[in-house]
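The residues making up each chain are set out below.
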Amino acid sequence: MSDKLTKKDLQAKIDKLEKELYLAKNKTQMARNYCILESENKELEKKLHKKKEFWMKWAKEQLKEEEVEEDEDSE
């Protein structure tokens, strides 16, 4: 058997390398996308936390106002 590769063998190796390159590019893009999504998720969690704080503060103020109104009504 000779060490020479046939044209078919070379094409098969090229195809295999192209597939590996394609998969590596996809993995790289997926990693980038994951990082972007992770960052966006953190930003959304911060916004959600701020909105939650706002509504909790608002609800406490409403309760205080109701207590004041009840106190005024009972007098």
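So, here is what we can say about the structure in this document. This one's a predicted model, so the numbers in the text were calculated from it and none came from an experiment. (Residues numbered from 1 in each chain as written. Predicted model: local features only at pLDDT ≥ 70, side-chain atom pairs only at ≥ 80, totals over all residues. Heavy atoms only, no water.)

## Topic: the overall build of the protein
Looking only at helices and strands, the protein has 1 helix and 0 strands in total. The globule rule puts the C-alpha radius of gyration for 75 residues at 11 Å, and the 32 Å found for the protein is more than 25% above it. Scored against the burial criterion, the 75 residues of the protein give a buried share of 0%. Total accessible area computed for the protein in this model is approximately 8000 Å², and 58% of it derives from carbon and sulfur atoms. In the protein, 18 positive and 20 negative side-chain charges are present, and the distance between their average locations comes to 22 Å. (Helix = DSSP H or I, 4+ residues; strand = E, 2+ residues; numbered from the N terminus. Rg over C-alpha atoms; globule rule 2.2 N^0.38 Å. Buried < 20%, exposed > 50% of the residue type's maximum accessible area, 1.4 Å probe, protein only. Areas by Shrake-Rupley, 256 points an atom, 1.4 Å probe, with all protein chains shown as cover. Lys, Arg positive; Asp, Glu negative; His and termini not counted. Charge placed at Lys NZ, Arg CZ, Asp CG, Glu CD.)

## Thoughts on the environment of leucine 23
Note that leucine 23 resides in helix 1 (residues 7-74). Given a relative accessible area of 41%, leucine 23 falls into the partly exposed group. For leucine 23 and aspartate 71, which are 48 residues apart along the polypeptide, the C-alpha to C-alpha distance reads 70 Å.

Shape descriptors only; they carry no functional weight alone.
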